[in-house]
Structures are given as structure tokens and as C-alpha cells.
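Understanding the architecture of this molecule
The chain contents come next:
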Amino acid sequence: MKRVLARTVYMVIVLVLSSIAVFYAIRLSGGDAVAARVPASASAEEREAVREQLGLNDPFHEQYFDYMGRLFTGDLGNSLTNNADIGKLLTDHGRNSLILGVAAFVLVFGVGIPLGMLASLRRNSWWDGGIMTFSVAGMAVPNFWLALLAVWLFASVLGWLPSAGCCGPKQLVLPAVVLAMEGMALTVRMTRSAMLENLNQDFVRTLRSGGLSESKVIGRHVFRNALVPIVSLAGLRIGQIVGYALVVETIFGWPGLGQVLVNAVLRRDYPVAQFFSLVLITIVLLSNWLADVGYTVVNPRLRRT
Amino acid sequence: MTENGVNRPVTAPLLSIDGLRTMVSSRRESFDVVRGLSLDIYPNEVLCLVGESGCGKSITALSIMRLLPTPPVRVREGEIRFRGEDLLSLSGKRMRNIRADSISMIFQDPLTSLDPVFTVGDVIVEVIRAHRDMSKEEARSLAGDALAKVGLPDPISQLDSYPHQLSGGMRQRVMIAMALVLDPDILIADEPTTALDVTVQAQILDQLVKEQRERHMAMLLITHDLAVVAAVADRVAVMYAGEIVEQAPVDELFEDPRHPYTQGLLRALPKVSTTRRRLDPIPGLVPSLQMMPPGCAFAPRCPHALDRCWTEQPELATDRDGRVFRCFNPQPFAG
Ligand SMILES: Nc1ncnc2c1ncn2[C@@H]1O[C@H](COP(=O)(O)OP(=O)(O)OP(=O)(O)O)[C@@H](O)[C@H]1O
Ligand code: SF4
Ligand SMILES: [Mg+2]
């Protein structure tokens, strides 16, 4: 349990540091943040007035504590461009992102792990060859390219699926698959090698010598051992999903958090950009923390006595 | 257990290996590592199997358990009879029923031999329930008894230990408990103390012998250590290059070894310091199993080799004194 506590403290520290970094980075481009509010024809005085009003002239640390203080009281502020309530943006788009994220998560682990197991159990068969080819391709193809290819094939040529939109099952398929592809490919590969490695361990022979059935030996023991490295990298996979969501949501016009963030950055809508950067960072850090805790659970060797 | 003068066990064997040939076959190579081995295990005896590293002891044991690493290793020929059945032709399911219940095995390295992510209690319970119709609770209490019996301190709470939380000696006790929990007829122990600290080796060996005595089970003990053989064996089988070259009751073997290889092993013994009692190399090369010479496998190292030894295979035979060995030209042992 000590380990979990240490990871929690570590996560909080990283969260604070990265919030400062995000805050600072957005401030660096602050000169133009005003542009979102004022017409292009505005004079230098008018711009300065807006800067003053937004508090952009205060010392950095004051701005930071001021902002954090307001976050904790639930005052998330409004968009500079359309005055939209940031809290409402979060709930609306958050829901969409959650749908997409969960779909991708299920593909990465719910499909990746069984495929990897199948490949390992049918080693050197056509199954194995096919699955591993798919996995290599999934890792090699950049996801924006895959997105374009998928749209071209399934939307334009075959017309089976819509190329963009939200938020029914049909619209979900392409973005979810594109988002999950690389993580799924990596999970397949990792599961296969972890299974094969553990199948060769001495303990497998011991379990067989105890008269356990193959389904127990492989499905329970080998699998539980193979899960250790998979879970240890689950945080990385989830972080990847969050990062790619920026690209994928934009390409497929999926109105999620990533899309909000990308648009906000493009429009220099700094309160929105700042807040959603923090949200995404928090999600990534939280999922890493969860994966760490999960790793401690699946790997008893980390637990002392 | 011995008949006057002839010194052969009189009961029927519990397990009979007959003409076992086990081969390694991969795309690159294919050769026999066990070459027509025959060996009987009698009820209630400790039979030691000795021989140099690589001669096929573990492969023989794993052939009995049908736990060979296949591919590349598999049985090519032979029979292993146990209770009127040939183990080698049993269905997978029947064989699983025999493992742990009738024939158990423990292995050299107790750390790698235990599943690291399950508690020892979980695994023992699983083994019990694979064979007995028992509730988890009943099985758990049986598992606790088994741990207590092999001398593990605080056995009930050790049920919830993971292997990494136990010392090497304790792990091997867990292995023994797991192997014996269902009271098998035969225990195969493949160098059960080699991986342990010298200080606990004797304790573990004592535990094994104690269990063997109390349970009246047969034990096939594979070892390198001739001092261990002298201390615990009833009978000894000496293996060389995939074959049994001599087998005898332990006293006969140490007093009057017949096969030149056995003689070499015993002769090498007193010459080394008392702390090193492993089998010491006898001068000369072991023929490679990939290219066995047509004659006696020991010929290249044998001080008594005749011409026919290079062309003709001696058979494992019983001589006038009732001694069993494989040699054309046995000479009296000059220790
Ligand atoms: N998995 C394997 N693949 C290929 N060859 C093997 C394999 N396992 C064993 N062998 C071969 O079988 C022969 C017999 O091996 P075995 O493990 O039975 O020896 P051993 O008598 O138990 O030796 P040791 O005393 O070192 O344990 C060895 O010479 C080895 O080359
Ligand atoms: S058969 Fe010949 S070579 Fe083989 S052990 Fe006997 S004397 Fe030596
Ligand atoms: Mg061995």
C-alpha cells in the first residue's frame, strides 16, 4: 500500500507542475489571446484595456493562484469567443469523449488481449500470421493516415459508414477504430509475447504436474502472469488514446474534449484552451495512477508480506 | 525386500519403464536422448537415478509424467506400465487424473517452479479440487494440514503467502506439500535440493525420506550427490548417455560396482575433498547424443574396452551373481 500512496503523491505533484506549465505556456502566447476578444481594427489602447480587464498584466503567480482559486470554487469561466459556459462545454463534450474513449478502450484491451492470446495459443498458424500482420500494420500506419484511408474506403467508396458526425453507433465506428488501432496493435503484440514467455516458465510444468487442466493452467495461471506487463503499460495506452483523440475527433468532427481544445487553441480562446488542457492532463495522470494501482494488484511481488 | 543371495526385490513393480526412447526432434536435428531405457520402481523403495549432467535423467522423469517440453522433445517408443495401464497411451484426461493423485513430481528450483502471482494456498487448493470433489473450505483445510505436515512453520497463515515471501527451503517444502497432499504412490524428485542453500539441503532431504517412510510410497530420487545416494537409497540405477548401465541395491553398488562407468564414479569419489561430492568427470569425452558410436556408449572412456566394444552394443543383463549391468568385459573393482 506504501507504493500506492507514493504514486498518489507523485501524481499530485506532477499535476500541479503541469498545471503551472500549461498556465505559463498559454500565457506565453497571451499577447494574441486578446485578439479573440477585439476586432482586428482595434487600437493599441483598446487592446491594452482588454489585457488589463482579463488580468493579463498581473504577475504570473497572482494570475495562477487566482485562476486555481476560481477553479476550486467551481467558477470555470466563459469562452472568449462565444461566451459559452466552460462548465457546460465540459459536460456536453465530455460525454461524447467518454463514449469514444470507452469504445477505444474496449477495442484496445477487450479485443487486443483475446487476439494476442489466440495468436499465442495458435502459434505459427495462419491465425497467428494473420493477427500479427494486422498488428504490425496497425503499429506502422500513422493514425491520421489511417483515418483518411478509412473514410475513403468505408464512407466514400463503400458507403457503409458515415465519414463524420455524432453520436450514434454508426458514427462511432470509424473514429473509435482509428483511435484504438495503434494501442490495439501494441496490446496484441504484448499479450502474445507475454503469453508465450509465461507458457515456457517452470511453474507451468508444476501446475500440470498437479493434474490441472490446460484451461486452468493457461486460462488462469499463464494469463494472470501475462496480465502483469499488459496492465503496467495500460496507463501509457490510455494516455495515447487521449492524445490521439485530439486528432481523431477533429478529423471525424466528433464533438469531444479534444475537438474543443483544438478549436480553442486555433482561436486563441485561452480560458477554454487552458481549462481543457488541464482536463486532458488530469485524465492522463489519473489513468496512469489507476494503471499503477492495478499493476500493484496484479503483481503480488510488489507487495511486501 | 530382497531374496536371499540374489538380492532382487520380490514384489511386483509398481511402475515399469520398458524400452523407453525419447527423442529431440526439431527441424535442425533429431536424435534420441533416452535410448531404450528400462527401469522398474517397486513399492515402498527409494530408487536413486544417478548420472552425469545431460545423460537424460530429467527427460526420463518427465517422460513418466508426460510433461516433456514437446516440441522438441517427445517419446518415440516404449511403454511405461502403471497399474496395468500404459501411461504413454492414456488419454490426456486420464493422465491428468494420475498426476499428483498417483504419481507426483517435484522439481529442482522451487522459486521458478511456483506460480508467482498466486498464493501457495490457492494453488494447492486448485490441485486438490482438480482431483477431489471438495468445497474450497475443505480443500483449504487439507492444504493447511499438508503444509503443517512438511514442517512449514505457521502453516495456516502461509497458505496466503506468495512464493516470493518464502525462503528457498520453505518453497521446496511447499512443493513437497503440494506433491504429497493427495497421497500419491510414487514421488519423483528431480534434484530437489540442488538449488537450495547447503544448510537446508539436508533438512529437505530428511523431510522427503521421512514422508516416503511414513506414507509407504515409492520415491524416484534423481541426484548428482553420491553421498545422498549412500544415505537414502534402497536401490540405485546408474545412467549413462541415455541408458541404464547398471542397477543394484545400494550396498552392492558401493561395495562392488560392476560397470566400468560406475567404478569410475566411485573411484573419483575419495580423491576429491569431502566438501565436493558431485560426480566428477571421468577422463575422456561423452559421445555426443547426436552421433552415437555403433558400439558401447562408454567405449571412448573405458579402460577395459575390447575390440567388440566399438562395434557391438552390450545389453543390460543379469549375470550369475544376479548383478544387472551392461558390459562385455567387467573387471573386479579396485577402489
Ligand atoms: N528442451 C530441449 N530441447 C533440446 N534438447 C533437450 C531439451 N531438454 C533436454 N535436451 C537434451 O536432452 C539431454 C538430456 O537432458 P536431461 O535434462 O534429461 O539431462 P539430465 O540428466 O537431467 O542432466 P542434469 O543433471 O544437468 O539435470 C540433454 O543432453 C539435452 O541436450
Ligand atoms: S562394454 Fe566394453 S567399452 Fe563398454 S563398458 Fe564394458 S568394457 Fe567398457
Ligand atoms: Mg536434470
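Look up a bit, the structure's there.
Residues numbered from 1 in each chain as written. Chains lettered and ligands numbered in written order. Predicted model: local features only at pLDDT ≥ 70, side-chain atom pairs only at ≥ 80, totals over all residues. Heavy atoms only, no water.

**A word on the overall build of chain A**
Of the regular secondary structure elements, chain A holds 13 helices and zero strands. Its helices and strands in sequence order give chain A the pattern α-α-α-α-α-α-α-α-α-α-α-α-α, from N to C terminus. Summarising its shape, the C-alpha atoms of chain A cover approximately 85 × 60 × 25 Å along the three principal directions. When contacts within chain A are restricted to residue pairs at least 6 apart in sequence, long-range pairs at least 24 apart make up 73% of them. If you sum the accessible surface of chain A, you get close to 15,300 Å²; carbon and sulfur atoms cover 65% of it. When the 26 positive and 19 negative side-chain charges of chain A are each reduced to one mean point, those points stand 18 Å apart. (Helix = DSSP H or I, 4+ residues; strand = E, 2+ residues; numbered from the N terminus. Contact = heavy atoms within 4.5 Å. Areas by Shrake-Rupley, 256 points an atom, 1.4 Å probe, with all protein chains shown as cover. Lys, Arg positive; Asp, Glu negative; His and termini not counted. Charge placed at Lys NZ, Arg CZ, Asp CG, Glu CD.)

**Here's the deal with the interface of chain A and chain B**
Of the residues lining the interface, 23 residues belong to chain A; the matching set on chain B comes to 25 residues. Summing both sides of the interface, chain A and chain B together bury roughly 2,200 Å²; the carbon and sulfur share of this comes to 61%. Contact with chain B buries area across many residues of chain A, yet A:Arg205, A:Thr206 and A:Ser209 alone supply 24% of it, more than any other trio. For the pair chain A and chain B, the interface holds one salt bridge. A:Arg220 serves as the salt-bridge partner of B:Glu126, at 3.1 Å between the closest nitrogen and oxygen. Linking chain A to chain B there are ten residue pairs in polar contact (both at pLDDT 80 or more). Every element with two or more residues in the side of chain A that touches chain B is listed here: helix H9 (202-209) and helix H10 (214-232) of chain A. Here the side of chain A that touches chain B gets seven residues from one element, more than from any other, and that element is H9(A). (Buried area = accessible area lost by both parts, 1.4 Å probe. Salt bridge = Lys/Arg side-chain N within 4 Å of Asp/Glu carboxyl O. Polar contact = N/O pair within 3.5 Å; in protein donor to acceptor, adjacent residues only side chain to side chain.)

**Some thoughts on the site of ligand 1**
Residues and elements named next belong to chain B. In the neighbourhood of ligand 1, 16 residues make up the surrounding shell, with Ser53, Gly54, Lys57, Ser58 and Ile59 lying closest. Ile59 has a polar backbone atom sitting 2.8 Å from an oxygen atom of ligand 1. Burial of ligand 1 by the protein chains amounts to 67% of its free accessible area of 630 Å². If one sorts the elements of the shell around ligand 1 by residue count, helix H1 (residues 57-65) sits on top with three residues. Residue classes in the shell around ligand 1 are distributed as eight nonpolar, five polar and three charged. (Near = heavy atom within 4 Å. Nonpolar A, V, L, I, M, F, W, Y, C, P; charged D, E, K, R; others polar.)

**Digging into the sheet that holds strand S4 (residues 73-82) of chain B**
All names here are of chain B. Reading across from one edge, S2-S1-S4-S5 is the order of the four strands in this open sheet, with antiparallel pairing throughout. One side of each edge strand has no neighbouring strand; the edge strands of this open sheet are strand S2 (30-41) and strand S5 (85-86). In terms of strand pairing, strand S1 (residues 15-25) meets S4 through eight bridges, oriented antiparallel. Within S4, the position partnered with Ser16 by the bridge is Arg81. (Pairing = 2+ DSSP bridges.)

**Overview of a nonpolar patch on the surface**
Residue and element names in this part refer to chain A. On the surface, Phe144, Trp145, Leu148, Leu149, Trp152, Leu153, Val157, Leu158, Trp160, Val247 and Ile251 cluster together into a nonpolar patch covering about 1,000 Å² of accessible area. Here the element with the most residues in the nonpolar patch is helix H7 (residues 143-157); it accounts for seven residues. Tracing the backbone shows Ile251 in helix H11 (residues 234-251). (Patch = residues over 30% accessible without salt bridge, like charges linked within 9 Å, V, L, I, M, F, W, Y side chains within 5 Å.)

**Here we look at empty space enclosed by the protein**
Overall, the coordinates contain five cavities of 30 Å³ or more when judged by the stated rule. Empty space within the largest cavity amounts to approximately 80 Å³. Lining the largest cavity are 13 residues; nearest its centre among them are B:Pro260, B:Cys296, B:Cys302, B:Cys309 and B:Cys327. In terms of residue class, the lining of the largest cavity is made up of nine nonpolar, three polar and one charged. Each pocket or cavity is described by its volume, and for the second largest cavity that value is around 70 Å³. Lining of the second largest cavity is provided by A:Thr206, A:Ser209, A:Gly210, B:Ala100, B:Ser104, B:Met105, B:Ile106, B:Met175, B:Met178 and B:Ala179. Only H9 of chain A together with strand S6 (103-106) and helix H6 (168-180) of chain B provide two or more residues apiece to the lining of the second largest cavity. A class-by-class count of the residues in the lining of the second largest cavity yields six nonpolar, four polar and no charged. (1 Å grid on protein atoms, 1.4 Å probe; cavity = no way out; pocket = protein on both sides within 12 Å on 5 of 7 lines; lining within 4 Å. Points joined across faces, edges and corners; volume = space filled by probe spheres on them.)

**Some words on the site of ligand 2**
With respect to spatial proximity, 13 residues lie near ligand 2, and among them B:Cys296, B:Cys302, B:Cys309, B:Cys327 and B:Phe328 are the closest. A class-by-class count of the residues in the shell around ligand 2 yields ten nonpolar, three polar and no charged.

**Looking at the sheet that holds strand S12 (residues 324-325) of chain B**
Residues and elements named next belong to chain B. Read across the open sheet, the eight strands follow the order S6-S7-S8-S3-S9-S10-S12-S11; overall the sheet is mixed. Whereas interior strands pair on both sides, the edge strands pair on one side only; in this sheet they are S6 and strand S11 (317-318). Bridge count for strand S10 (residues 243-249) against S12 is two bridges, and the pairing is antiparallel. Paired with Gln247 across the strands is Val324, a residue of S12. With respect to the sheet, H6 is in contact with S6 and strand S7 (186-190), its orientation differing from that of S6 by roughly 170°. (Axes fitted to C-alpha atoms, helices over the stretch in contact; angles between N-to-C directions.)

**Description of unusual backbone geometry**
All names here are of chain B. Looking along the chain, the bond that leaves Thr70 and enters Pro71 is cis, with omega of -20°. With respect to the helices, strands and loops of the structure, Pro71 is situated in the loop between H1 and S4. Across the junction of Pro71 and Pro72, the peptide omega takes the value 10°, indicating a cis bond. Relative to the assigned elements, Pro72 resides in the loop between H1 and S4.

**Focus: the side chain of A:Thr296**
By secondary structure assignment, the location of A:Thr296 is in helix H13 (residues 270-298). Classification of A:Thr296 as buried rests on a relative accessible area of 4%. (Buried < 20%, exposed > 50% of the residue type's maximum accessible area, 1.4 Å probe, protein only.)

**A word on the packing of aromatic side chains**
Residue and element names in this part refer to chain B. Summed over all chains, the structure comprises nine aromatic pairs over all chains. Ring centres of Tyr240 and Phe298 lie 5.1 Å apart, and the angle between their planes is 85°; on these two criteria the pair is classed as edge-to-face. One end of the pair, Tyr240, is in strand S9 (residues 235-240); the other, Phe298, is in the loop between helix H10 (260-271) and S11, and 58 residues separate them in sequence. Ring geometry for Tyr261 against Phe298: centres 5.4 Å apart, planes inclined by 70°, an arrangement best described as edge-to-face. Residue Tyr261 is found in helix H10, and its partner Phe298 is found in the loop between H10 and S11; the two are separated by 37 residues along the sequence. When its relative accessible area of 0% is taken as the criterion, Tyr261 is described as buried. (Phe/Tyr/Trp six-rings, centres within 6.5 Å; stacked < 30°, edge-to-face > 60°.)

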